[in-house]
Amino acid sequence: MPPSQRVTLLTIAKELGVSRTTVSNAYSRPDQLTQELRDKIFATAELLGYSGPNAAARGLRTGRVGTIGLVFTDDLGFVFSDPNTALFMRGVAESTSEARVGLTLLPVHKAGPISESAVLSAPVDAYVVFSIADEHPVMQEVLRRGVPVAIVDEPDLGDRTSFVGIDDRSGARLAAEHIVALGHRKLGVLVHRVNDHPQLGRMTESEVMAGTIRIARERLAGYLEGIAGSDAEIVAIWQTGDLVPDAGRVATQEMFGGNPEITAVLSMTDQLAIGACQALEHMGRSVPGDVSIVGYDDIPRAALWDPPLTTIRQPLLTKGRLAAEMLLRQLGSGEIERTQLPIELVPRASTAPVTGKGQASAQRGAPSQVASLD
């Protein structure tokens, strides 16, 4: 094909002997075609040098819309109510605003058809993908657009995209080591989800590690590393299904119903840890007098809770800002970047040493220094 001839949907349609609408459906309405036909269309498009429809190119000579898309698999109500996600979103919004670039929110259902998603046709120059499960089909659709992509937390696709995250495993190891140093030997774990179809209930270590949520796998691996070499053990793992305190409360009540010997709870998020505190109070067990609790994230509410929550701090606002900034740089330079942000253990009054009777001593809190991991 002559270099001056621009490849369009019609070009691909003529090459394959199908209609232009059929080719368009491969990108915007994939449920209308068989997988075999879609694959054939994409293979031909790649051969001809066509990376996908770009809505911006139709209106601007530069091919830029001046907007980036933020892809996530939670509903908007959750995004604006969950403190962890809200801080991250705020960071993205601050960076795009400072750069005078628009931000389009692109929620994708965890299990819904991708054909119903605005991701397929949204006029954006690049994508930030925030914490989605391994092998979620939206990831392949985003990559097909042929524009810069920055992934936050998961999945980690190596050098195929830019990436911002933390060392989840090391953070969890710090939490577990902290609990073990305080004398706790019977531990419980709260996890939000291990896949995109979470249900409240007990999980095994192997089920978590075989799940599609990288963060859950890494944090459990860190907890196991933190207790290695001691006589401590994780006696129960509970999946909550929802990422709200009420879910943590219900899961904790169920977990302690069958495992009253637990003296410490390692929660993969602060939201669930707060729910655990509520459950234990309702059950007549004090924190940290009877049970110590460690969260993860250090959301603003963690320091204000009674008792203040021992947790692993990660820079949630900074994570959002850096994701947007590296994506904007990539739009200019094409360079893919990777950033791992620091985490730290923040000991507070929700953890305390255990006495020989399994009760916490009068000493509150934990080692006074903050253990930092760069």
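Residues numbered from 1 in each chain as written. Predicted model: local features only at pLDDT ≥ 70, side-chain atom pairs only at ≥ 80, totals over all residues. Heavy atoms only, no water.

Here the focus is helix α1 (residues 9-16). For α1, the complete set of buried residues consists of Leu9, Thr11, Ile12 and Ala13. Its side-chain oxygen placed 3.3 Å from the backbone nitrogen of Leu10, Thr8 serves as the N-cap of α1. Just beyond α1, the residue with positive phi is Gly17, at close to 75 degrees. (Buried < 20%, exposed > 50% of the residue type's maximum accessible area, 1.4 Å probe, protein only. Helix = DSSP H or I, 4+ residues; strand = E, 2+ residues; numbered from the N terminus. Polar contact = N/O pair within 3.5 Å; in protein donor to acceptor, adjacent residues only side chain to side chain.)

Whenever strands of a sheet pair, they do so through backbone hydrogen bonds, lying parallel or antiparallel. Read across the open sheet, the 6 strands follow the order β2-β1-β3-β4-β5-β12; overall the sheet is parallel. Edge positions in the open sheet fall to β2 (102-107) and β12 (338-341), since each of these has one partner strand only. Here the strands of the sheet are splayed against their neighbours by 15 degrees on average, with no regard to which way each runs. Direction of pairing for strand β1 (residues 67-72) relative to strand β3 (residues 126-130): parallel, over a ladder of 5 bridges. Bridging from a neighbouring strand, Leu70 pairs with Val128 of β3. Packed onto the sheet, helix α5 (residues 83-98) meets β1, β2, β3 and β4 (149-152) and runs at close to 170 degrees relative to β1. (Pairing = 2+ DSSP bridges. Axes fitted to C-alpha atoms, helices over the stretch in contact; angles between N-to-C directions. Contact = heavy atoms within 4.5 Å.)

All right, on to unusual backbone geometry then. Backbone phi values are negative for most residues with the exception of glycine, while trans is the configuration of most peptide bonds. In this model, Glu154 is joined to Pro155 through a cis peptide bond whose omega is -5 degrees. One can find Pro155 in the loop between β4 and β5 (162-166). In this structure, the amide linkage connecting Val287 to the following residue, Pro288, adopts the cis form with an omega of 5 degrees. Tracing the backbone through its elements, the reader meets Pro288 in the loop between α11 (270-282) and β10 (292-294). One non-glycine residue, Glu135, lies in positive phi territory at about 65 degrees. On the secondary structure map, Glu135 appears in the loop between β3 and α6 (137-144). Accessibility expressed as a relative area gives 77% for Glu135, which makes it exposed. Positive phi outside glycine occurs at Asp298, with the angle close to 60 degrees. Considering the arrangement of structural elements, one finds Asp298 in the loop between β10 and α12 (300-304).

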